[in-house]
Amino acid sequence: METTAAPLLQTPNYIKQLAESPDLHFIPANYVHSTNNPCDSSDSNSIPIIDFSLLTSGDPHQCSIAIHHLSKACQDWGFFMVVNHGIPENLIKAVIDCTHEFFNLPEEDKREYAGKHVLDPIRCGTSFNASKENVFFWRDYLKVFVHPQFHSPTKPQGYRDIVSEYCEKIREVAKMLLGGISESLGLEEGFLDKALDLKSGLQIFVGNYYPNCPQPELTMGMPPHSDHGLLTLLIQNQVGGLQVQHEGKWINVNALPNSLLVNTGDHLEIFSNGKYKSNMHRAVVNNKVTRISIATAHGPSLETIVSPASPLVYNENSAAAYIPMKYSEYLELQQSNQLDGKSCLERLKFPRN
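Residues numbered from 1 in each chain as written. Predicted model: local features only at pLDDT ≥ 70, side-chain atom pairs only at ≥ 80, totals over all residues. Heavy atoms only, no water.

J.: Mind showing me how you'd approach the overall build of the protein here?
T.: The helix and strand inventory of the protein stands at eleven helices and 14 strands. Here the protein, with 353 residues, has 54% of them falling under the buried criterion. When contacts within the protein are restricted to residue pairs at least 6 apart in sequence, those whose partners lie at least 24 apart make up 79%. Carbon and sulfur atoms make up 49% of the accessible area of the protein, which totals about 16,100 Å². (Helix = DSSP H or I, 4+ residues; strand = E, 2+ residues; numbered from the N terminus. Buried < 20%, exposed > 50% of the residue type's maximum accessible area, 1.4 Å probe, protein only. Contact = heavy atoms within 4.5 Å. Areas by Shrake-Rupley, 256 points an atom, 1.4 Å probe, with all protein chains shown as cover.)

Spelled out as structure tokens, the structure:
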């Protein structure tokens, strides 16, 4: 079937600028994606839910229930929703609103943060890696390293303080979840923390701006991919668009009010020696309203060489399935190329006999 598209856009600027063009009825041809597998919404109500209050209750029985739920969610889905996490709803709203304000800044203000290298502490741009892509994504982004050293744009006013408070609280939630996941693997609660040097662990704050699109069925906000790191925790402005892959089908994520959306990352797959697979997910866009999401990625320290946890290899009498690699090198490898499913992780798998 033929589709109508506008001519190629030679040098993509911010997608916000394009989306707000008054005469935009067709998207440029280099935003058109040929394969856009449909979504199956039948399983959207079966996405696992983790009650964080059980994990932090201090009651051994309730805690063991939460750890069991975490284990099942990581093994079956690589994705779950966290409720009763204790982060104030007004703080979540404030960080989303301020991030929206950031994307509404004049173009020249945002260009101050057009980083050149994937390890630059603040980067603002469009698509995923526009310098490497032939077909672009309907998305602008802000990526900020917020731990172990905290960075932040200076505008809009008050943004730095709100981002700092939010990232501190979300980091504590991630730490507790990773402690539970460590136990669910049969390790000590603090084993993962120590093995991967989480005290100096990298935390990246990623603001995503997906404006409304006149032909949403032809493009993508983000392609199918997995995340680097251990866990990514996401919030959004009550506008859906996240889809996760489960048993080969794409599932719409209908977020519960004030919940955190959590997916497992490539380095949890490596650390667990393949027991907990990193989750494949994607972002779709719509023709009505702008979606803002904030993903906070939590990984090892940049200098940590990540390999399967030795007790999981020796105790289970199985070979290590992944080649050890320094986290910073993996980050550069993934972020410097086109985003293509789990292709980066596949490179680290030992060949099977």
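J.: Sorry if this is basic, but what is going on with the sheet that holds strand β8 (residues 242-246) here?
T.: Strands pair in a sheet through their backbones, by hydrogen bonds, and they do so in one of two ways: parallel or antiparallel. In spatial order, the strands read β6-β11-β8-β9; together these four strands make up an open sheet with antiparallel pairing. Two strands bound the open sheet, and with one partner strand each, they are β6 (222-225) and β9 (249-252). Mean inter-strand twist for the sheet, computed between neighbouring axes without regard to direction, equals 20 degrees. Where β8 meets β9, four bridges bridge the pair, whose relative direction is antiparallel. Each residue of the ladder has a partner; that of Gln243, found in β9, is Asn252. (Pairing = 2+ DSSP bridges. Axes fitted to C-alpha atoms, helices over the stretch in contact; angles between N-to-C directions.)

J.: Quick question: what am I supposed to make of the packing of aromatic side chains here?
T.: Note on aromatic pairs: each is described by the distance of the centres and the angle between the planes. Enumeration according to the criterion identifies eight aromatic pairs in this entry. Ring geometry for Phe103 against Tyr209: centres 5.3 Å apart, planes inclined by 40 degrees, an arrangement best described as tilted. Taken together, the positions of Phe103 in helix α4 (residues 89-103) and Tyr209 in strand β5 (residues 203-210) put the pair 106 residues apart, joining distant regions of the chain. Across the pair, Tyr209 and Phe103 agree in class, each one buried. With 6.4 Å between their ring centres and 75 degrees between their planes, Tyr159 and Phe205 make a pair best called edge-to-face. Here Phe205 lies in strand β5 and Tyr159 lies in helix α6 (residues 159-184), a separation of 46 residues in the sequence. An aromatic cluster is built from Phe102, Phe103, Tyr113, Tyr159, Phe205 and Tyr209, whose rings are joined through pairwise contacts. The side chain of Lys143 reaches across the aromatic face of Tyr141, ending 5.0 Å from its centre. (Phe/Tyr/Trp six-rings, centres within 6.5 Å; stacked < 30°, edge-to-face > 60°. Lys NZ or Arg CZ within 6 Å of the ring centre and 35° of its normal.)

J.: For this particular structure, what's the right way to read the side chain of Thr232?
T.: Inspection of the secondary structure assignment puts Thr232 in strand β7 (residues 231-236). For Thr232, a relative accessible area of 4% translates into the label buried. Of note is the side chain of Thr232, whose polar atom sits 2.9 Å from the side chain of Asp227. Residues contacting Thr232, with those up to four places away along its chain left out, are Asp227, Leu261, Val262, Asn263, Ala295, Thr296 and Ala297. (Polar contact = N/O pair within 3.5 Å; in protein donor to acceptor, adjacent residues only side chain to side chain.)

J.: Sorry, what's going on with the pattern of salt bridges here?
T.: When charged atoms on two side chains of opposite charge get close, those side chains can pair. Per the counting criterion, the structure on display carries eight salt bridges. Across the salt bridge formed by Lys16 and Glu20, the nearest N and O atoms sit 2.8 Å from each other. Among the residues examined, Lys16 registers a relative accessible area of 10% and is labelled buried. Across the salt bridge formed by Asp109 and Lys155, the nearest N and O atoms sit 3.4 Å from each other. Of this pair, Asp109 sits in helix α5 (residues 107-111) while Lys155 sits in the loop between β4 (140-147) and α6, placing them 46 residues apart in sequence. (Salt bridge = Lys/Arg side-chain N within 4 Å of Asp/Glu carboxyl O.)

J.: How should α4 be read in this particular structure?
T.: An α-helix turns once per 3.6 residues; consequently, residues spaced three or four apart project the same way. Taking 1.5 Å of rise per residue, the 15 residues of α4 would be expected to cover 21 Å, and the 22 Å separating its terminal C-alpha atoms lies within 8% of that figure. Listing the buried residues of α4 in full gives Leu91, Ile92, Val95, Ile96, Cys98, Thr99, Phe102 and Phe103. Taken down its axis, α4 places every buried residue within 165 degrees of arc, on the same side. Set apart from the buried face of α4 by more than 90 degrees, the exposed residues are Glu89, Asn90 and Lys93. (Expected span 1.5 Å × (residues − 1). Arc of directions from axis to C-beta.)

J.: Got a minute to help me understand the sheet that holds β4 in this structure?
T.: Taken in spatial order, the eight strands make up an open sheet running β1-β2-β10-β7-β12-β5-β4-β3, and their pairing is mixed. Each edge of the open sheet carries a strand with a single partner, namely β1 (49-51) and β3 (122-126). Each strand axis lies, on average, 25 degrees off the axis of its neighbour in the sheet, ignoring direction. Taken together, the three bridges between β1 and strand β2 (residues 79-83) define a ladder with parallel strand orientation. Along β2, the bridge assignment pairs Ile49 with Met81. In the packing of α4 onto the sheet, contacts are made with β3, β4, β5, β7 and β12 (291-298), and the angle to β5 comes to roughly 65 degrees. Contacts from α6 reach β2, β4, β5, β7, β10 (260-264) and β12, with the element oriented near 135 degrees to β7.

J.: Explain the nonpolar core to me, please; I cannot follow it from the model alone.
T.: Note that soluble globular proteins tend to have their nonpolar side chains buried in a common cluster. Membership of the largest hydrophobic core comes to 84 residues, with the highest contact counts inside it found for Phe80, Tyr166, Leu177, Ile181, Phe205 and Leu233. By residue number, the principal contributor to this core is α6, which donates ten residues. Setting aside residues up to four positions removed in sequence, Leu177 forms contacts with Phe52, Leu55, Leu70, Phe80, Val82, Leu231, Leu233 and Val262. With 14 residues, the next largest nonpolar core counts Leu18, Phe136, Cys213 and Ala283 among its residues. (Core = buried A, V, L, I, M, F, W, Y, C linked by side-chain atoms within 4.5 Å.)

J.: What exactly am I supposed to notice about a negative patch on the surface here?
T.: On the surface, Asp161, Glu165, Glu168 and Glu172 cluster together into a patch of negative charge. Summarising the element assignment, Glu168 is placed in helix α6. (Patch = residues over 30% accessible without salt bridge, like charges linked within 9 Å, V, L, I, M, F, W, Y side chains within 5 Å. Lys, Arg positive; Asp, Glu negative; His and termini not counted. Charge placed at Lys NZ, Arg CZ, Asp CG, Glu CD.)

J.: Even after reading the chapter, I still don't get the packing of α4 against α6, so can you show me in this structure?
T.: Packed helix pairs are specified by the crossing angle of their axes together with the interaxial distance, meaning the distance between the axes. The interhelical angle for the contact between α4 and α6, taken along N-to-C directions, is 135 degrees, at an axis separation of 10 Å. With respect to their mutual orientation, α4 and α6 come out oblique. The two elements α4 and α6 meet at a crossing, and its hand is left-handed. Each of Leu91, Ile92, Ala94, Val95, Cys98, Thr99 and Phe102 in α4 lies in contact with α6, whose residues at this interface are Tyr159, Ile162, Val163, Glu165, Tyr166 and Lys169. Tallied by class, the residues present in the contact of α4 with α6 amount to ten nonpolar, one polar and two charged. (Parallel < 35°, antiparallel > 145°, perpendicular 65-115°, else oblique. Left-handed = near helix turned anticlockwise from the far one by under 90°. Nonpolar A, V, L, I, M, F, W, Y, C, P; charged D, E, K, R; others polar.)

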